[in-house]
Amino acid sequence: MSEGKKQTKEEVIEAAWSARERAVAPFSNFRVGCAVETDDGRIFTGCNIESASYGLTVCAERVAIWKAISEGARCFGLLVIAVDTENPTPPCGTCRQIIWEHCRDTNILLVNLQGQTEELQIKDLLPRAFDARYLKEISRDKVGSKK
Ligand SMILES: [Zn+2]
């Protein structure tokens, strides 16, 4: 984690590439790095970490977001996902949900080793997303109801 002044976009991208170097992907060899920048200029990184019990594998995006949240960060300005693929690679469905819930207005930047970039918003990747608003609707409507 670095902190202090606001980071440049290039510094956040570089942090994502550095994180990718630490990926643990012996089964897929699909190495991903992620860096999230907080509104106060801190950068948190994550890499994908695979498990021999495949379902326990965790994506780079969630590692970075969990690290940031566990250190008290709540507002993010930029989230970079770095993958060595022919085209910039968007986050998986699980990560889209987590990005929606914790990084809703964050700019998402996809980068690959060929230098291609693509900027997105999570609302474009996860239309009509599920979140806590629906939980509140249920609890409000069903309070005191046996049905
Ligand atoms: Zn994911």
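Residues numbered from 1 in each chain as written. Predicted model: local features only at pLDDT ≥ 70, side-chain atom pairs only at ≥ 80, totals over all residues.

Novice: How should unusual backbone geometry be read in this particular structure?
Specialist: Most peptide bonds take the trans form, and the phi angle of most residues other than glycine is negative. Even without a glycine there, the phi angle at Asn29 is positive, about 55 degrees. With respect to the element layout, Asn29 can be found in the loop between α1 (9–20) and β1 (32–38). Of the residues examined, Asn29 has 9 C-beta atoms within 10 Å and is grouped as exposed. Even without being glycine, Arg128 reaches a positive phi, approximately 50 degrees. Mapped onto the fold, Arg128 is located in the loop between α4 (122–125) and α5 (132–142). Judged by the 5 C-beta atoms lying within 10 Å of it, Arg128 is exposed. (Helix = DSSP H or I, 4+ residues; strand = E, 2+ residues; numbered from the N terminus. Buried ≥ 20, exposed ≤ 12 C-beta atoms within 10 Å, placed from the backbone.)

Novice: What am I meant to see in the sheet that holds strand β4 (residues 107–111) here?
Specialist: Strand pairing in a sheet relies on backbone hydrogen bonds, with the paired strands running either antiparallel or parallel. In spatial order, the strands read β2-β1-β3-β4-β5; together these five strands make up an open sheet with mixed pairing. Looking along the sheet, the strands with just one partner apiece sit at the ends: β2 (43–47) and β5 (117–121). Each neighbouring strand pair of the sheet contributes to a mean axis angle of 20 degrees, computed without reference to strand direction. Pairing of β4 with β5, which is carried by five bridges, proceeds in the antiparallel orientation. Bridge pairing in β5 places Asn107 opposite Gln121. Here helix α2 (residues 60–70) sits on the sheet in contact with β1, β2 and β3 (76–83), set at roughly 145 degrees to β2. (Pairing = 2+ DSSP bridges. Axes fitted to C-alpha atoms, helices over the stretch in contact; angles between N-to-C directions. Contact = placed C-beta atoms within 7 Å.)

Novice: Which parts of the structure should I look at to understand the nonpolar core?
Specialist: Ranked by size, the top nonpolar core spans 34 residues in total, and within it Cys34, Ala35, Val36, Leu79 and Val80 carry the most contacts. Of all elements in the fold, only α1, β1, β2, α2, β3, α3 (93–102) and β4 reach the threshold of two or more residues within this core. Counting residues per element, this core draws most heavily on β3, which supplies seven residues. Look past the residues within four positions of Cys34 in its chain and what remains in contact with it is Ala16, Ala19, Thr45, Gly46, Ala60, Glu61, Ala64, Leu79, Val80 and Ile81. (Core = buried A, V, L, I, M, F, W, Y, C linked by C-beta atoms within 7 Å.)

Novice: Would you explain the packing of α2 against α3 in this entry?
Specialist: The geometry of a pair of packed helices is captured by two quantities: the angle between their axes and the separation between those axes. Remark: α2 packs on α3, axes separated minimally by 10 Å, with the N-to-C direction vectors making an angle of 30 degrees. Here α2 lies roughly parallel to α3, going by the angle between them. Note on packing geometry: the crossing formed by α2 with α3 is left-handed. Seen from α2, the contacting residues are Glu61, Arg62, Ile65 and Ile69; seen from α3, they are Cys95, Ile98, Ile99 and His102. When grouped by side-chain class, the residues that make up the contact of α2 with α3 number five nonpolar, one polar and two charged. (Parallel < 35°, antiparallel > 145°, perpendicular 65-115°, else oblique. Left-handed = near helix turned anticlockwise from the far one by under 90°. Nonpolar A, V, L, I, M, F, W, Y, C, P; charged D, E, K, R; others polar.)

Novice: What is the right way to look at the environment of Glu50 in this model?
Specialist: Topologically, Glu50 is positioned in the loop between β2 and α2. Each C-alpha atom, one on Glu50 and one on Phe27, is 7.3 Å from the other, the two residues being 23 residues apart in sequence. Those residues within four positions of Glu50 in sequence are excluded, and the remaining contacts are Val24, Ala25, Pro26, Phe27, Ser28 and Thr57.

Novice: Before we go on, may I ask you to explain α2 in this structure?
Specialist: Since the α-helix turns once every 3.6 residues, residues separated by three or four places project in the same direction. The complete set of buried residues in α2 reads Ala60, Glu61, Arg62, Val63, Ala64, Ile65 and Ala68. Elements in contact with the buried residues of α2: α1, β1, β2, β3 and α3. With its phi angle positive at about 95 degrees, Gly72 sits one or two positions after the end of α2.

Novice: Please explain α1 as it appears in this structure.
Specialist: The terminal C-alpha atoms of α1 lie 17 Å apart, and with twelve residues this matches the ideal 16 Å at 1.5 Å per residue to within 8%. Residues Val12, Ala15, Ala16, Ala19 and Arg20 constitute the buried set of α1. For α1, the arc enclosing every buried residue in end-on projection is 145 degrees, short of the 170-degree limit, so these residues lie on one face. Those residues of α1 that are buried lie in contact with β1, β2, α2 and β3. (Expected span 1.5 Å × (residues − 1). Arc of directions from axis to C-beta.)

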